[in-house]
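# Structural features, examined
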Amino acid sequence: MTIQTVGIIGAGQMGGGIAHVLALSGFRVVLTDADPSNLEAGFGKIVSAIERRAAAGKLDEADKKDAILRIRTTGALAELGTCDLIIEAASENEEVKCRIFWDLAPSLSPETILTSNTSSISITRLASASSRPEKFMGLHFMNPVPQMQLVELIRGIATNQETFDAIKRVVDRLNKTAISSADFPGFIVNRILIPMINEAISVLQEGVGSIIDIDQSMRLGANHPMGPLELADFIGLDTCLAIMKVLDDGLPNPKYRPCPLLVKYVEAGWLGRKTGRGFYDYRTGTPVPTR
């Protein structure tokens, strides 16, 4: 099938970034969010990002206007039912995601493909909550979506080849690189990345190094663009913890147990950049370590 119209559920950082790149690549986008204020703010951020791209000379005025006009917002989830493809980009919570797919089922067109941008949750389980597991798969973009080249494609046990091929063509049209992952906890990227971050938090908890020393060690010693604690703040500590819990539940190895310090930061509401405090305090403009 040819995909032209894409519905996106969730207007946050991930959903907004996905809408941004789809619109620039010529897809029509229908964006929704359970919170009207989030939907309005998310659309505003997309418009601002596209305008900045034009101001930097990376997009001409006509293409800028066309991209913005391709994005429509709606508060009604059912309005996404006629889209060729739906991408769920809600919070990393299995119950929330399943509820979305249950609510969508009555309004879906027969050919609509369903995908989830989950970073760790079983695609097979999510597909079982949908009305069409054969037309369901994982479509995991990296953050920030406009800058990151990689997209993980994850088949559930029932995903058919036609669905996989159609989604691969979407990724190709975005000029991004698709890799295929088996449906195991964390897939490929987060199976490797999040335990590394969790270990960095354990190193901090044990007093082996300070926040600054740990981040500089990996930036300068391993040539990482961001230190692991800085990256955790960027991802969101609640998201890191949610992924570690998925890994811990699904893989029988104590190395996947969430670090207690990570749990404490999340309990405190210090979730990283989005709340102004995580391993760094961002409220004054210049990040300052919080330990």
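Basis of the calculations
- Residues numbered from 1 in each chain as written.
- Predicted model: local features only at pLDDT ≥ 70, side-chain atom pairs only at ≥ 80, totals over all residues.
- Heavy atoms only, no water.
- UniProt positions renumbered as here; feature names shortened; annotations may be inferred.
- Helix = DSSP H or I, 4+ residues; strand = E, 2+ residues; numbered from the N terminus.
- Buried < 20%, exposed > 50% of the residue type's maximum accessible area, 1.4 Å probe, protein only.
- Pairing = 2+ DSSP bridges.
- Axes fitted to C-alpha atoms, helices over the stretch in contact; angles between N-to-C directions.
- Contact = heavy atoms within 4.5 Å.
- Right-handed = clockwise from strand over helix to strand, strands pointing away.
- Salt bridge = Lys/Arg side-chain N within 4 Å of Asp/Glu carboxyl O.
- Phe/Tyr/Trp six-rings, centres within 6.5 Å; stacked < 30°, edge-to-face > 60°.
- Lys NZ or Arg CZ within 6 Å of the ring centre and 35° of its normal.

The name given to the protein chain in an unreviewed UniProt entry is 3-hydroxybutyryl-CoA dehydrogenase, and the organism recorded there is Rhizobium mayense. Here the protein chain is described in UniProt, under the heading Sequence similarities (unreviewed entry), as follows: "Belongs to the 3-hydroxyacyl-CoA dehydrogenase family."

With that settled, consider unusual backbone geometry. With an omega of 0 degrees, the peptide bond between N143 and P144 qualifies as cis. For P144, the position within the fold is in the loop between β6 (136-141) and β7 (150-155). We note that N175 has phi near 60 degrees; this positive angle belongs to a residue other than glycine. On the secondary structure map, N175 appears in the loop between α6 (161-173) and β8 (177-181). Located in the positive-phi region is F187, a residue other than glycine, with phi close to 55 degrees. Along the chain, the position of F187 falls in the loop between β8 and α7 (189-205).

Summarising the element assignment, E162 is placed in helix α6. A relative accessible area of 43% means that E162 is categorised as partly exposed. With 27 residues separating them in the primary sequence, E162 and K135 have C-alpha atoms 8.3 Å apart.

Below, the discussion takes up the sheet that holds β8. In space, the eight strands of this open sheet follow the order β3-β2-β1-β4-β5-β6-β7-β8, with mixed pairing throughout. Looking along the sheet, the strands with just one partner apiece sit at the ends: β3 (71-74) and β8. On average, adjacent strands in this sheet sit at an angle of 25 degrees to one another, irrespective of strand direction. Across five bridges, strand β1 (residues 5-9) lies against strand β2 (residues 28-32) in parallel orientation. In the sheet register, I9 faces β2, and the bridge partner there is T32. In the packing of helix α1 (residues 13-24) onto the sheet, the strands contacted are β1, β2, β3, β4 (85-88) and β6, and the crossing angle to β1 comes to about 165 degrees.

Attention shifts here to the UniProt feature "domain: 3-hydroxyacyl-CoA dehydrogenase C-terminal" (unreviewed entry) in the protein chain. According to UniProt, the positions carrying the feature "domain: 3-hydroxyacyl-CoA dehydrogenase C-terminal" (unreviewed entry) are residues 186-282. Taken end to end, residues 186-282 has its terminal C-alpha atoms 29 Å apart, with 61% of it in helix and 2% in strand.

Here we take up the pairing of β4. Burial of the side chains of β4 extends over both faces: L85 and I87 are buried on one face and I86 and E88 on the other. In this structure, β1 lies alongside β4, joined through four bridges in parallel fashion. Paired with I9 across the bridge in β4 is E88. Considered for its hand, the β-α-β crossover made up of β4, helix α4 (residues 94-104) and strand β5 (residues 113-116) is right-handed.

So, on to the pattern of salt bridges. Applying the stated rule across the entire model yields twelve salt bridges. Here R283 makes a salt bridge to D281, at a shortest N to O gap of 2.7 Å. Since its relative accessible area comes to 55%, R283 is described here as exposed. Counted as one network, the salt bridges with shared partners bring together E88, E92 and K97.

Looking now at the packing of aromatic side chains. All told, the structure shown has four aromatic pairs when counted by the stated rule. Ring plane angle 75 degrees and centroid distance 4.9 Å describe the contact between F101 and F136, whose orientation is recorded as edge-to-face. Placement of the pair is F101 in helix α4 and F136 in strand β6, with a sequence separation of 35 residues. Taken as a pair, F101 and F136 share a single burial class, namely buried. Of the aromatic side chains, those joined through ring pairs into one cluster are Y265, W270 and F279. Sitting above the plane of the F164 ring, R155 keeps its charged end 4.0 Å from the centroid.

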